[in-house]
Amino acid sequence: MATLSDLTSAERVDAALAARGLLVLDVYTQSCVICRRMEPMVAAVAVASGGAVRAHKLDAERHVEFAAKYDVRGVPTLLLFRDGRLIGRRSGFSTASALRDWIGAKARE
Amino acid sequence: MGGFTPAELPHHQGRDLLSRPASVTRPRREEQACRTRFPFQAWRDISKKLHDKRLGLSWKRVTVFATALVMGNTIMTGQWSRDASTPPFIDLVPIEQATGARKELYDEMERVRGHGRVSNLFKAYAAFPALAKANFQRLMVLLSQGNLSVKFKEAVMTALAEANKCDYCVSFHATALRNAGASDEEVVAALEFDPDRIGLSDKEKALFNYALKANGDPHSIVPANIEELRRKGASDCDLIETLETVNTGNSFNLINGALNVGPDDFLSYLKGRGEIWKKSA
């Protein structure tokens, strides 16, 4: 999988956060080139996790309140949730290997 | 353009890098045709052929078997994410119609890669023959010289093709990656951007991630990243070789995408990526 499903509505965002387990939200904007290069990395990590990690993307310009609530100051920003609670954040491009290490470390905390 | 002798191709000794892996069989002409026809027509043809062979199967069993064949064929081969109904935006002159400088390029490619193995990418490039020859020569230098393995370079180009959503390029480089000694599982690992499962050396694993980082955001590379590579034994030449692999993969992805260039007839491996991307979007 090279793409992430886009949380296009507030309801979908709420539903994603309400689910249990690890969730990565890839906060992006349409004009962000680095975000487009980042997306396949996040998607690959989710696929390779065999369901242990869910991942979606979220347009910061569409979800301004969400971005403000989680203090997203630039894109791409990754927000890592466990059972709906924010446990980590990371900005800028990351390789899939770096993401696997980061998520693994956060999940063990 | 000067040719390359087998001695200058140390990694593959002049053998055809794009010949099919032993475990990957090329679809028969009949099966290939199924992919291009409307599925029902393929299903009907297969049903009829099964029945005509008088295998003692009931029509019900023939129907189930034919349906499974058609579905399996569709799932395994998929369709390109490009709009196949739209022709390429540039003239891809067939081998038999090439003349002059274009023919010289095609001849050189067939000499290196094998009969009929002039890729659509280079048929497009050949609109500017001198540039096409220079690019092919550059590609051959990249793949045949330097310190890093062909397996590493093809793994990087396979990963880039996946990241750039160039389904033609995925099939092309995954085929070359298999022929460089990778298993199917290692090809999948490249598509999942996981160098730990590709069977690379520690240095090449680190360089694989460096390549992805350079592709993702070259300005995000900091001294600590380079120091880590140095600890793994990476030389200046290794860095240049890796970055040129990224350049090459990206430039091919871009040209194929921007000119709507489709797959080569001689490719049969991992052709279904476009469909997977579409479904996951």
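Fair warning: this is a prediction, and the values are worked out from it, not measured in the lab.

Take the overall build of chain B next. The number of helices and strands found in chain B is 13 helices and zero strands. Along the chain direction, N to C, the helices and strands of chain B fall in the order α-α-α-α-α-α-α-α-α-α-α-α-α. Residues classed as buried in chain B amount to 49% of the 281 residues present. Taking as baseline every contact in chain B between residues at least 6 positions apart, the subset at least 24 positions apart corresponds to 72%. For chain B, the exposed surface amounts to about 13,600 Å²; the carbon and sulfur share of it is 57%.

Two orientations exist for strands paired in a sheet by backbone hydrogen bonds: parallel and antiparallel. Residues and elements named next belong to chain A. Here five strands make up an open sheet; going across it, the order is 1-3-2-4-5 and the pairing mixed. Where the open sheet ends on each side, the last strands, each with one partner, are strand 1 (5–6) and strand 5 (85–91). For strand 4 (residues 77–82) and strand 5, the ladder comprises six bridges, and the chain directions are antiparallel. When the bridges of strand 5 are listed, T77 appears paired with S91.

This part takes up the packing of helix 4 (residues 100–113) of chain B against helix 6 (residues 129–144) of chain B. All names here are of chain B. The N-to-C vectors of helix 4 and helix 6 enclose an angle of 15°; their axes lie 9 Å apart at closest approach. Regarding the angle of helix 4 to helix 6, the classification is roughly parallel. For the pair helix 4 and helix 6, the sense of crossing is left-handed. Judged by residue contacts, A101, R102, E104, L105, E108, M109, V112 and R113 of helix 4 engage P129, A132, K133, F136, L139 and M140 from helix 6.

Here we come to the interface of chain B and chain A. Contact with chain B, which involves 18 residues of that partner, is made by 17 residues of chain A. Taking both partners together, chain B and chain A bury about 1,500 Å²; carbon and sulfur atoms supply 58% of that area. Along the contact surface separating chain B from chain A lie one salt bridge. Between D194 of chain B and R100 of chain A there is a salt bridge, with its nearest N and O atoms 3.8 Å apart. Our enumeration of links across chain B and chain A arrives at three residue pairs in polar contact (both at pLDDT 80 or more). Taken together, the elements giving at least two residues each to the side of chain B that touches chain A come down to helix 7 (150–163), helix 10 (202–216) and helix 13 (273–280) of chain B. Here the element with the most residues in the side of chain B that touches chain A is helix 10 of chain B; it accounts for five residues.

Under the criterion given, the structure shown has two disulfides over all chains. The side chain of C32 of chain A participates in a disulfide bridge whose partner is C35 of chain A; the two sulfur atoms lie 2.2 Å from each other. Taking the sign of the S-S torsion, about 85° here, the bridge from C32 of chain A to C35 of chain A comes out right-handed. Residue C32 of chain A is classed as buried on the basis of its relative accessible area of 10%. Across the disulfide from C166 of chain B sits C169 of chain B; the S-S distance is 2.0 Å. Where C166 of chain B bonds to C169 of chain B through sulfur, the torsion about that S-S bond is close to 55°, and the disulfide is right-handed. Here C166 of chain B and C169 of chain B have matching classes, each one buried.

Once that is clear, we can look at the confidence of the model for chain B. Residue and element names in this part refer to chain B. Here chain B averages 79 in pLDDT, while 69% of its residues score no lower than 70. Per-element mean pLDDT across chain B ranges from 33 in helix 1 (residues 29–36) up to 98 in helix 11 (residues 223–231). Counting interchain partners and residues more than four positions distant, the pLDDT-below-50 stretch residues 1–17 has 39 contacts. Scored below 50 in pLDDT, residues 19–47 shows 48 contacts in the model against residues more than four places distant or in partner chains. Here the complex is predicted with pTM 0.78, and the ipTM for its interfaces comes to 0.93.

Quick look at the packing of helix 10 of chain B against helix 12 (residues 236–258) of chain B now. Residue and element names in this part refer to chain B. Two elements in contact, helix 10 and helix 12, have axes whose closest approach is 10 Å; the angle formed by their N-to-C orientations is 50°. One way to sum up the angle between helix 10 and helix 12 is to call them oblique. Judged by the twist between their axes, the crossing of helix 10 over helix 12 is right-handed. Here K203, L207, Y210, A211, A214 and N215 of helix 10 lie close against helix 12, whose contacting residues are D238, L239, T242, L243, V246 and N250. Here the contact of helix 10 with helix 12 is composed, by residue class, of seven nonpolar, three polar and two charged.

Conventions and cut-offs
Residues numbered from 1 in each chain as written. Chains lettered and ligands numbered in written order. Predicted model: local features only at pLDDT ≥ 70, side-chain atom pairs only at ≥ 80, totals over all residues. Heavy atoms only, no water. Helix = DSSP H or I, 4+ residues; strand = E, 2+ residues; numbered from the N terminus. Buried < 20%, exposed > 50% of the residue type's maximum accessible area, 1.4 Å probe, protein only. Contact = heavy atoms within 4.5 Å. Areas by Shrake-Rupley, 256 points an atom, 1.4 Å probe, with all protein chains shown as cover. Pairing = 2+ DSSP bridges. Axes fitted to C-alpha atoms, helices over the stretch in contact; angles between N-to-C directions. Parallel < 35°, antiparallel > 145°, perpendicular 65-115°, else oblique. Left-handed = near helix turned anticlockwise from the far one by under 90°. Buried area = accessible area lost by both parts, 1.4 Å probe. Salt bridge = Lys/Arg side-chain N within 4 Å of Asp/Glu carboxyl O. Polar contact = N/O pair within 3.5 Å; in protein donor to acceptor, adjacent residues only side chain to side chain. Disulfide = S-S within 2.5 Å. pLDDT = per-residue confidence, 0-100. Nonpolar A, V, L, I, M, F, W, Y, C, P; charged D, E, K, R; others polar.

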